[in-house]
Amino acid sequence: MLGGGILKGMAVTARNFVGSYFIQERMTTIQYPEERAPLPENYRNFPFLVFDGDDAHAGLRCVACQICEKECPPQCIYIVKSKDKKPDFVGKPQLYPATFDIDISVCMSCQICVEVCPFDAIKMDKVFELSRRERFDALLMQKAELAKSNEYYHQIHPTEATDVDAGLAAAAAAAAAKKKAVASPAPPTPPSNPNPA
Amino acid sequence: MVSPEQIKARAETAVPGAKIEIIANGSPANQPSLLIDREHARTVVQFLRDDPALQLDFCSNVTGVDWLDRTATTKVKVKTLVDGEEKEIEQAQVETLPGYLEAVYHLYSMALKHGPVIVRIRTADRANAVHLPSLTPLYRSAEFQEREIYDLYGIRFDGHPDLRRILMWDEFVDHPMRKDYVPPDDFEYEPTPHDEVLARAKEHYTVRPSSDGAETLTAQA
Amino acid sequence: MTATLHELHEAPPRAMTSRLEGELLEVSLGPQHPSTHGVFRMNVALDGEIVRKLKPVFGYLHRNHEQIAESTSYLGSMPYTDRLDYFCSMTNNWAYALSVEKLAGIEVPERAEYLRVILAELTRLQNHVSLLGFLLSDMGAWGTPLMYAFREREKILGLLESLSGSRMMCDYMRFGGCRVDAGDDWISHAKKVVADFPRFLGEFEKLILENEIVINRTQEVGKLSAELAINAGLTGPILRASGVNYDLRKIDGYGFYPRFKFRVPLGDHGDCYDRLMMRALEMRESLNILKQAFDQLPGGPIMNPKVKIRAFKPPAGEAYGRIEGPKGELGFYLISDGAATPYRYRVRPPSFINLTVLEDMCLGHTVADVMVILGSIDIVMGEVDR
Ligand code: SF4
Ligand code: SF4
């Protein structure tokens, strides 16, 4: 019958139309911002710097080794090393970044900085509502804005953060054992976790 | 799968005068290629396409490669008289190898389901003699890809039906994929304060004010 | 582009079908046009409604991807490959990873290969389903089928997001494996999505495949012979719609595809309807592969531990690797000189090469058909212009 195919199609449309009021599966619209779809745990957006404890300066894990700056494909990280040193998580004096900027208008959320960082210092954030009135300096994230606590990291990526903590604790224990064994302070082995889950 | 040596032998008997060289490939991929001289390239490839044992009817990938002039240093032992005694001394001989542009074709056979047979053709140099025979009359798939090579590398394909720029605009002068290409000295302001970038940006523009005025539009309301 | 327009003037009109003799009318279709799938432009010479000449104009989205890749590390190009065909970042990742693995001789663990197959087939599903939606949208079925298609696509994108962290820019594969392992809940969720998919597919097929308007608009439109398709280097569903049995999953047998039972659908008219059907049928086969892959998925590591993530330097040499992407043969040609950046990095973009015969397919058809033909080729400008 001519037009039969069209009628069949219309039946499908009608079912979808009615279904979009009653069938959960077909109700796909969410009234953002009042309602929000839950973000998956692995969601990633822009990087942030992790610090342990309460003090963003004392606990900052980053040692300004500049590996991430070198490896970042669009070159949006800018680091200036400090002149002095502060103790890291095993107590060894390390440099820290005096300046750490990420230009998030350039960053493409590729996570390569996270993968190459040997100190588990930089991780991916989940904040996505980052619109600003101005597109240059307002989108340049500086150290103070980037530094976020380990608790926050646990909140957004619980599984991954637990793994990282375990790795760090193991590294610290190994370093302590080494220190005991050798009287002189031995360099701590950096926690090797090149492929964070 | 026919080995490159067999292909070379067959093609050289079929096309008299053709010079084919097998280029080894050092990587584990083990994809050696055939370097064909410019004059016979089209006849040889036509033979490869029509030969019933090969039937390379599908030209998958066509691309250009730029090889700059190189200097090769070879150590040679020279006998010289040092303090009246004849001694062997190692001397470095520096030799300049001229660069060239290269077009690489990856041929497969859809009929016999084998491949790739990789064909390379090289220009005489990088400056003026940048002509190569076009393979578009044999494979339509080369049409846009050869145009792209012309656009990005500057190889002139003789016999191409429509050799124009394809990705860059028509008024563009240089060939941006060449290894010695210098990008033009202009760019947009960016706030990442990398030193040379910032210095160069300052030459071109005054540094932007921190706000562009957008906030004042709504702030007054 | 004056030269092009000038050329169009000089083009002798082919056999006139309309009775009115006159000059050809030039129309520049695009670059801003909802039916050109991005910023694609065609200079068309029209005789009434009939297309007499058509010249595609490229480059509006050109960013010299290859040059960028030649100045970043091998790993650094991986996220850039996401942005080629931004609908199918997983298959782009795979093609690039495969080429680098060939170049450096890297083995991939079994589980990683299975995950790659699963993700590639999911990508194929969502690419084909959105293509069908777009194609109908090009034919004037504004919105409705596209929204149904996007509803299903969103479920698959949700899967990709919960695994890789991003819906479209997955950046998931690494040389010698994959970045994140899939947990049990991900697998069960994915199984559920795959199990629900055929019902939607059936509904969608009912919606379009018998529809008289769709049939009239697509059958006998943009016919392509097998000889021309092979000679013009077409690949993917378009080639198979012309009846050429060439699927790299069968031919090259990369990534454990020989372990799965699936059929390669073939068309026999090579017109737009066949191309449309080809997508619908391929989705069914993808679902088949997915079911088998979930059943066979082994445990184990997902990364080859020997591969260094920093300072990765493959030996000098060259390699060409290719996979069957949703749009056709996606290949990467790499030349290494032993340094940390590739000496030559080349993408073989299927949708760019598939456009070679756009003019041949469109001649003699009306302007409205050009949109359908272009839609049935399935292009993404991020890949065409690179
Ligand atoms: S996520 Fe990628 S682009 Fe962004 S800062 Fe890290 S390495 Fe750079
Ligand atoms: S790689 Fe890690 S430790 Fe090194 S500078 Fe970057 S964030 Fe800091």
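Scroll up to find the structure this text is about.
1. Let's talk about the overall build of chain A
- Tallying secondary structure elements over chain A gives six helices and eight strands in all.
- Listing the helices and strands of chain A from first to last along the sequence gives α-β-α-β-β-β-β-α-β-β-α-β-α-α.
- Relative to its length of 197 residues, chain A is extended, with a C-alpha radius of gyration of 24 Å against a globular reference of 16 Å.
- Projected onto its principal axes, the C-alpha positions of chain A cover 90 × 40 × 30 Å.
- Looking at the 197 residues of chain A, the share that counts as buried comes to 44%.
- Across chain A, the fraction of contacts at a sequence separation of at least 24, relative to all contacts at a separation of at least 6, is 68%.
- For chain A, the accessible surface area stands at approximately 10300 Å², while carbon and sulfur atoms represent 61% of it.
- Distance between charge centres in chain A, computed from 22 positive and 24 negative side chains, equals 4 Å.

2. Brief notes about helix H6 (residues 144-164) of chain C
- Counted at 1.5 Å a residue, the expected span for H6 of chain C with its 21 residues is 30 Å, and the 30 Å between its end C-alpha atoms agrees.
- Downstream of H6 of chain C by a residue or two, Gly-165 of chain C has a phi angle that is positive, lying close to 100 degrees.

3. Digging into the site of ligand 2
- The full set of residues close to ligand 2 is Cys-62, Val-63, Ala-64, Cys-65, Gln-66, Ile-67, Cys-68, Ile-79, Cys-117, Phe-119 and Ile-122 of chain A.
- When its residues are assigned to classes, the shell around ligand 2 shows ten nonpolar, one polar and no charged.

4. Considering helix H7 (residues 184-208) of chain C
- Helix length check: H7 of chain C, at 25 residues, gives a terminal C-alpha distance of 36 Å against a target of 36 Å (1.5 Å per residue), a fit within 8%.
- Along H7 of chain C, the largest kink reaches about 30 degrees and is centred on Phe-197 of chain C; proline Pro-198 of chain C follows within four residues of it.
- When H7 of chain C is considered as a whole, its buried residues turn out to be Trp-186, Ile-187, Ala-190, Val-193, Val-194, Phe-197, Phe-200, Leu-201, Glu-203, Phe-204, Leu-207 and Ile-208 of chain C.
- If you follow the buried residues of H7 of chain C, they end up packed against helix H1 (4-22) of chain A together with helix H5 (110-138), H6, helix H8 (212-218) and helix H12 (272-296) of chain C.

5. Focus: the pairing of strand E6 (residues 100-109) of chain B
Residues and elements named next belong to chain B.
- In terms of residue burial, E6 counts as a mostly covered element, since ten of its ten residues are buried.
- Residues of E6 alternate between two faces, with Tyr-100, Glu-102, Val-104, His-106 and Tyr-108 on one and Leu-101, Ala-103, Tyr-105, Leu-107 and Ser-109 on the opposite face, all of them buried.
- Two elements, strand E3 (residues 58-67) and E6, share nine bridges in a ladder whose sense is antiparallel. Bridging across to E6, Gly-64 finds its partner in Ala-103.
- Taken together, the seven bridges between E6 and strand E7 (residues 114-122) define a ladder with antiparallel strand orientation. From the neighbouring strand, His-106 faces E7, where its bridge partner is Ile-118.
- Following E6, the chain reverses through four residues before pairing antiparallel with E7; Lys-113 in that reversal takes a positive phi of roughly 55 degrees.

6. Let's talk about the packing of aromatic side chains
- Scanning all chains against the criterion turns up 32 aromatic pairs over all chains.
- Between Tyr-21 of chain A and Phe-22 of chain A the ring centres are 6.5 Å apart and the planes differ by 50 degrees, which places this aromatic pair in the tilted class. Of the two residues, Tyr-21 of chain A and Phe-22 of chain A, both sit in the exposed class.
- Ring plane angle 65 degrees and centroid distance 6.1 Å describe the contact between Tyr-257 of chain C and Phe-262 of chain C, whose orientation is recorded as edge-to-face.
- What makes Tyr-257 of chain C buried here is its relative accessible area of 1%.
- One aromatic cluster in this structure is built from Trp-94, Tyr-114, Tyr-254, Phe-256, Tyr-257, Phe-260 and Phe-262 of chain C.
- One cation-aromatic arrangement involves Arg-153 of chain C over Phe-150 of chain C; the distance from NZ or CZ to the ring centre is 4.9 Å.
- When the ring centre of Phe-256 of chain C is taken as origin, the NZ or CZ atom of Arg-259 of chain C, which lies over that ring, is 3.8 Å away.

7. Topic: the site of ligand 1
- The full set close to ligand 1 counts 13 residues, and Cys-72, Cys-107, Cys-110, Gln-111 and Cys-113 of chain A are the nearest of them.
- Each residue belonging to the shell around ligand 1 can be placed in one class, and the counts come to eleven nonpolar, two polar and no charged.

8. Section: the pattern of salt bridges
- All chains considered together, the criterion is met by 54 salt bridges over all chains.
- Note that Glu-148 of chain B and Arg-386 of chain C form a salt bridge whose closest N and O atoms lie 2.9 Å from each other. Highlighted residues: Glu-148 of chain B in helix H3 (residues 142-153) and Arg-386 of chain C in the segment after helix H16 (381-384), drawn from two different chains.
- On the accessibility criterion, Glu-148 of chain B (3% relative accessible area) is buried.
- For Arg-386 of chain C, a relative accessible area of 2% translates into the label buried.
- With its nearest N and O atoms 2.9 Å apart, the salt bridge here joins Asp-247 of chain C to Arg-249 of chain C.

9. So, the packing of H12 of chain C against helix H15 (residues 367-377) of chain C
Residue and element names in this part refer to chain C.
- Where H12 meets H15, the closest approach of the two axes is 10 Å, and the angle between their N-to-C directions is 30 degrees. Classified by chirality, the crossing of H15 by H12 is left-handed. Touching Cys-272, Arg-275 and Arg-279 of H12 are Val-372, Ile-373, Ser-376 and Ile-377, all from H15.
- When its residues are assigned to classes, the contact of H12 with H15 shows four nonpolar, one polar and two charged.

10. Focus: the pairing of strand E2 (residues 33-36) of chain B
Residues and elements named next belong to chain B.
- Neither face of E2 is left uncovered, since the one carrying Ser-33 and Leu-35 and the one carrying Leu-34 and Ile-36 both have all their residues buried.
- When E2 meets E7, the two strands line up parallel, connected through four bridges. Looking at the pairing, Ile-36 lines up with Ile-121 of E7.

11. With respect to the interface of chain C and chain B
- Tallying the contact residues gives 51 residues for chain C and 47 residues for chain B.
- Between chain C and chain B, the buried area comes to about 4000 Å², and carbon and sulfur atoms account for 53% of it.
- Taken as a group, Asn-231, Glu-318 and Tyr-343 of chain C account for 16% of the area that chain C buries against chain B, more than any other trio of residues on that side.
- Where chain C packs against chain B, one counts five salt bridges.
- One salt bridge connects Arg-120 of chain B with Glu-318 of chain C, and the closest N-O pair in it is separated by 2.8 Å.
- Scanning the region where chain C abuts chain B turns up 26 residue pairs in polar contact (both at pLDDT 80 or more).

Criteria and thresholds
- Residues numbered from 1 in each chain as written.
- Chains lettered and ligands numbered in written order.
- Predicted model: local features only at pLDDT ≥ 70, side-chain atom pairs only at ≥ 80, totals over all residues.
- Heavy atoms only, no water.
- Helix = DSSP H or I, 4+ residues; strand = E, 2+ residues; numbered from the N terminus.
- Rg over C-alpha atoms; globule rule 2.2 N^0.38 Å.
- Buried < 20%, exposed > 50% of the residue type's maximum accessible area, 1.4 Å probe, protein only.
- Contact = heavy atoms within 4.5 Å.
- Areas by Shrake-Rupley, 256 points an atom, 1.4 Å probe, with all protein chains shown as cover.
- Lys, Arg positive; Asp, Glu negative; His and termini not counted.
- Charge placed at Lys NZ, Arg CZ, Asp CG, Glu CD.
- Expected span 1.5 Å × (residues − 1).
- Near = heavy atom within 4 Å.
- Nonpolar A, V, L, I, M, F, W, Y, C, P; charged D, E, K, R; others polar.
- Bend = angle between axes of the 7 residues up to and from the residue.
- Pairing = 2+ DSSP bridges.
- Phe/Tyr/Trp six-rings, centres within 6.5 Å; stacked < 30°, edge-to-face > 60°.
- Lys NZ or Arg CZ within 6 Å of the ring centre and 35° of its normal.
- Salt bridge = Lys/Arg side-chain N within 4 Å of Asp/Glu carboxyl O.
- Axes fitted to C-alpha atoms, helices over the stretch in contact; angles between N-to-C directions.
- Left-handed = near helix turned anticlockwise from the far one by under 90°.
- Buried area = accessible area lost by both parts, 1.4 Å probe.
- Polar contact = N/O pair within 3.5 Å; in protein donor to acceptor, adjacent residues only side chain to side chain.

These results come straight from atomic positions and should not be treated as a statement about function.
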